[in-house]
Amino acid sequence: MINPPLSFCQTKWTLAECIKYGQEKSLDIESGNIESQKNRNEYRASYLELLPAIQSSGGWAHQTTDRYSHNIVVSHTIFNGLKKLNKIGYYRSNTSYCTSTLMELMDEVKISITKAYYDVLMAQEMVNIAKEGYKSIEEQYLLTTILFENGKNTYSSLLEMESQKSSEKAALINASNTLSSSIIALVQLMNYPEYENF
């Protein structure tokens, strides 16, 4: 399916461009990326806890003879109830959970932007239909006015045509407002900085 670009903006945006931009700028996805990176770091650090602990100390003493001493202490826990291995498993599953949550967030943003994009396209078409309807009624109104001025039509026909013209103008204004609201919703979902430049 080919998605038409949005033609109301200064530069035309395709659906794929809107989704890509929205996913790059989404605060929820950015927060999820940070949380996922934090969990990956904790997962890696949990493996380092399996290594032995090494401590080194040195000193210099000056008495009648210069003396230098250095101590190295290596310690390793033999058994701690599998606490370190359980910690590794916890961070592994937590990392997996964060990754799946991040993918879910990206899908939600994609779906939301897709819906908003198609709402804008539909609103654009509704504006085009309303413009055509108004143009048609305007022509009929002019014809009715000419017929009324020449005595070929009644005043009530002219008033009815004015009423229809007003209804079509109201429909055009409503469609334009719906288009503006749809654009604002799309811009907000994409986290685009300026509505006027979209």
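Every value quoted in this text rests on a predicted model; they were computed, and no experiment measured them.

Caption draft 1: Here's a closer look at the packing of helix α3 (residues 83-149) against helix α4 (residues 155-190). Running from N to C, α3 and α4 point in directions that differ by 165 degrees, and their axes come no closer than 8 Å. As far as their axial angle goes, α4 and α3 are roughly antiparallel. In this structure, α3 crosses over α4, and the sense of that crossing is left-handed. Split by residue class, the contact of α3 with α4 holds 23 nonpolar, 11 polar and 7 charged.

Caption draft 2: Fine view of the pattern of salt bridges. With the rule as written, the count across this model stands at 2 salt bridges. A salt bridge links E35 to K38; the nearest nitrogen and oxygen atoms lie 3.9 Å apart. Of this pair, E35 and K38 both sit in helix α2 (residues 27-48), 3 residues apart, which is roughly one turn of the helix. In this structure K38 comes out as partly exposed when scored by relative accessible area, which is 42%.

Criteria and thresholds
Residues numbered from 1 in each chain as written. Predicted model: local features only at pLDDT ≥ 70, side-chain atom pairs only at ≥ 80, totals over all residues. Heavy atoms only, no water. Axes fitted to C-alpha atoms, helices over the stretch in contact; angles between N-to-C directions. Helix = DSSP H or I, 4+ residues; strand = E, 2+ residues; numbered from the N terminus. Parallel < 35°, antiparallel > 145°, perpendicular 65-115°, else oblique. Left-handed = near helix turned anticlockwise from the far one by under 90°. Nonpolar A, V, L, I, M, F, W, Y, C, P; charged D, E, K, R; others polar. Salt bridge = Lys/Arg side-chain N within 4 Å of Asp/Glu carboxyl O. Buried < 20%, exposed > 50% of the residue type's maximum accessible area, 1.4 Å probe, protein only.

Bear in mind that shape data such as this cannot, by itself, settle questions of function.
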